[in-house]
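# A look at the structure
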Protein chains: 2
Amino acid sequence: MAAWDKRLAGVRGVLLDISGVLYDGGEDGGAPIPGSVEAVARLKRSRLKVRFCTNESQKSRRELVGLLRRQGFDISEGEVTAPAPAASLILKERSLRPHLLVCDGVRSEFGQIDTTNPNCVVIADAGEDFSYQNMNKAFQVLMELEKPVLISLGKGRYYKETSGLMLDVGAYMKALEYACGIEAEVVGKPSPEYFQLALKEMGVEAHEAIMIGDDIVGDVGGAQRCGMRALQVRTGKFRPSDEQHPQVKADGYVDNLAEAVDLLLQHATK
Amino acid sequence: MAAWDKRLAGVRGVLLDISGVLYDGGEDGGAPIPGSVEAVARLKRSRLKVRFCTNESQKSRRELVGLLRRQGFDISEGEVTAPAPAASLILKERSLRPHLLVCDGVRSEFGQIDTTNPNCVVIADAGEDFSYQNMNKAFQVLMELEKPVLISLGKGRYYKETSGLMLDVGAYMKALEYACGIEAEVVGKPSPEYFQLALKEMGVEAHEAIMIGDDIVGDVGGAQRCGMRALQVRTGKFRPSDEQHPQVKADGYVDNLAEAVDLLLQHATK
C-alpha cells in the first residue's frame, strides 16, 4: 500500500461516522471509545473541516448530540447529517404522507409531516418497536398501495452495542421488500445522495474528503463509490475478516479514531 | 389451454395445501372455505389418493388436525406432511442442536431434539413471537457460529387470515439471511425435497400427482418444478395478478377446492 503521505494528500474535509467510531451505544447511553473524545477535539482544532455523518435513526439529532456532549464530545446539532431529517425533506418535496415505523425518540424529526391517510412507509432502526404487530401493520399499508413506496433510514445489517451485536434496520427493510415484492429507497449511508448531502453541508468536494467508519460496506464502500477516500477503524462492529472483504478495500485500516486523526494531522494538512 | 381431460389425464394422487384452500386461519381458529369440507369428503371417497401438504409451522400437527376436525374436515395426523416434523428428522440425521425461534404450539414437534449449546437456528412462522428480542437472539446465535446454519420452515411471504394478510416466516428468514450474510435451508414448500417427501408418503410418482394450492410460487411453481401438475385456487391469498405471473403458469385456475374436486372426479379417474 502507498505511504500515508500519498494516501491522504489533498484531504480537506473529514466525515466521521458516530456509532462504533466515537462511541459504542448501549442501554445506559453507551460509552465513548477510548481516545475518541480527544481525537475529535484535536481534529476540530486543525485546519480540516469536520462533519458527522451517521445512520443513527433511533434518536433525534437533539438526543444524540446531548448524549455525546455528556460523554465529553465537542459536537453540535448543526454539524450532524442524519437520515431522519434528510428523509423529512424528501417526504415534503414529494408530498408523501408516511406511515412511520420508528422509535418515539426520532418521531419529533417528522413533526412537520402529514401522516394521515399514508401513501408510503418509512422505517428506521426501531429496536424493540420492531414487533410482529408493527411490522405487519407496515406490511399491510404497503400491500394496500397501488405503487408501494418504502423508505428505509439506512440499510445496516447490524451494529454493536456495549451488550453485543444488534440487528439494524436493513434486516427489517429486507423482510418488507421480500414480503411485498418491492425495493426500498434508502436514505442514509451508503446511498450516494446521502453522502453528497453531507459533502454539500461541509462545503468540500468528494475528492478532497475522507470518510472514517467502522462499516466496511456502508461507510467505506459507500464513500468510495462517491469518489471519496475512506478509512476503516478497528472498533465498533469491525471484524478482522473485513480486511479481506471480497468487494471493498479501504484506503487504510487503523486501530481507532485516535490513530486516524494522528495520521490525518501528520499527513493530510501538508 | 388444453381440455381438462388432457390436463388431468393419469392423475392418481392429490396434494392439498391447507391454509387458504381448506380454511382461512384467524384468531378464533378461522373458518372453512365454503364447499371445502364436502370437497375433501368427496375426494376421499374417490379412487384418488389424498395427502395434505402444508407449510403450517405455528401449530403442531395435532393442533392443526384438531382445529380442522372441529370445522368438519375428515383429516388425521398421519395424512399430513408438515415442515416441523420434517425438520426434526433432518436435525436428528445431521446431529444439529437448534436454537428454536418458534411458537409454543409447534415446540412439541421438537420434543426429542437436544437444544443445549445450539449449533444452528430453526425459525418457523412464530407470529407474535417474532419480537425484536427473539430475532436478535437468533441473530446473535448465528453470528457466534463458525459456519452458521439457518433452517427455515417454509419461506412464504405472507398468508391470509380472516382479519387480513399476515407476514409469514419467509420475511423473517430474509432478515436473518441479510443480517448474517448467509443463505437459509428451507424445509417446506417450495423445496423439492419436501414435495418428494409428501409424494413418498402418499406412494405416488410426481407425474401422477397434482398439487392444489393458493400460492402461485410456493405451491404451483414448486410442485411443477418437481414434475407434478398444479392448480391454483382463487381463495386464500390468491390475487388476480397471479394469473399473469411472470414466471409461473398453473395447469389450471379454479374458483375454489370444490371446483377443483368436481374437475378431478370428472376427468382424472377416467
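Within any chain, residue numbers begin from 1 and follow the written order of that chain's sequence. Ligands are numbered from 1 and chains lettered from A, in the order in which they are written. Residue-level local features of this predicted model are given only where pLDDT is at least 70; pairs of side-chain atoms are given and counted only at 80 or more, and the full residue set underlies all totals for whole chains, interfaces and linings. Remark: hydrogens and water are excluded; side-chain values derive from all non-hydrogen atoms of the structure.

## Things to note about the environment of A:Leu176
Residues and elements named next belong to chain A. For the purposes of this entry, the term helix denotes a DSSP run of H or I that reaches at least four residues, the term strand denotes a run of E that reaches at least two, and both are numbered from the N terminus. Tracing the chain through its elements places leucine 176 in helix α7 (residues 169-180). Summary of the burial criterion: residues with accessible area below 20% of their type's maximum are buried, those above 50% are exposed, and those between are partly exposed, where the area comes from a 1.4 Å probe applied to protein chains only. Taking the relative accessible area as the measure of exposure, leucine 176 reaches 0% and is therefore buried. Put simply, leucine 176 and leucine 142 are 34 residues apart on the chain and 8.8 Å apart in space, counted from C-alpha to C-alpha. Those residues within four positions of leucine 176 in sequence are excluded, and the remaining contacts are Ile123, Met135, Ala138, Phe139, Leu142, Leu150 and Ile182. Residue contacts follow a heavy-atom distance rule, with two residues in contact if any of their heavy atoms lie within 4.5 Å.

## Re the pairing of strand β13 (residues 229-233) of chain B
All names here are of chain B. Most of β13 sits out of view: 5 of its 5 residues are buried. Here β13 shows two buried faces, one formed by Arg229, Leu231 and Val233 and the other by Ala230 and Gln232. Two strands pair when backbone bridges link them, and strand β12 (residues 209-213) and β13 are joined in this way by 4 bridges, in the parallel orientation. Note that in β13 the partner of isoleucine 212 across the bridge is leucine 231. At least two DSSP bridges between two strands are required for those strands to pair. With 3 bridges connecting them, β13 and strand β14 (residues 252-254) associate as parallel partners. Within β14, the residue paired with glutamine 232 across the bridge is tyrosine 253.

## Quick look at the side chain of A:Ser152
All names here are of chain A. Along the chain, serine 152 falls in strand β8 (residues 150-152). Residues adjacent in sequence count toward polar contacts only when both atoms are side-chain atoms; beyond that, a polar contact is any pair of N or O atoms within 3.5 Å, and within protein one must be able to donate a hydrogen and the other to accept it. At 2.7 Å, the side chain of serine 152 and the backbone oxygen of glycine 154 are in polar contact. Setting aside anything within four residues of it in sequence, one finds serine 152 in contact with Ile123, Val169, Met173, Ala184, Glu185, Val186 and Val187.

## Quick word on the domain arrangement of chain A
All names here are of chain A. Start and end positions for the domains come from either an automated domain assignment or a database one. When cut into domains, chain A gives domain 1 (4-82 + 189-267) and domain 2 (83-186). Each of domain 1 and domain 2 has a C-alpha centre, and these two points are 24 Å apart. Taken together, the contact between domain 1 and domain 2 spans 26 residues of the former and 23 residues of the latter. Two parts lose some accessible area (1.4 Å probe) when they are put together, and adding that loss for both gives the buried area. Carbon and sulfur atoms supply 53% of the area that domain 1 and domain 2 bury against each other, a total of about 1800 Å² over both sides. By the criterion of area lost to domain 2, the three top residues of domain 1 are Ser57, Gln58 and Lys237, representing 34% of everything that side buries. Throughout this description, the term salt bridge denotes a Lys or Arg side-chain nitrogen within 4 Å of a carboxyl oxygen of Asp or Glu. Across the domain 1-domain 2 interface, the total number found is 1 salt bridge. A salt bridge links glutamate 109 to arginine 61; the shortest N-O distance between them is 3.8 Å. Linking domain 1 to domain 2 there are 7 residue pairs in polar contact (both at pLDDT 80 or more). Every element with two or more residues in the side of domain 1 that touches domain 2 is listed here: α3 (61-70) and α8 (192-202). Looking at the side of domain 1 that touches domain 2, its residues break down into 5 nonpolar, 11 polar and 10 charged. Three classes are used, and their members are as follows: Ala, Val, Leu, Ile, Met, Phe, Trp, Tyr, Cys and Pro are nonpolar, Asp, Glu, Lys and Arg are charged, and the others, Gly among them, are polar.

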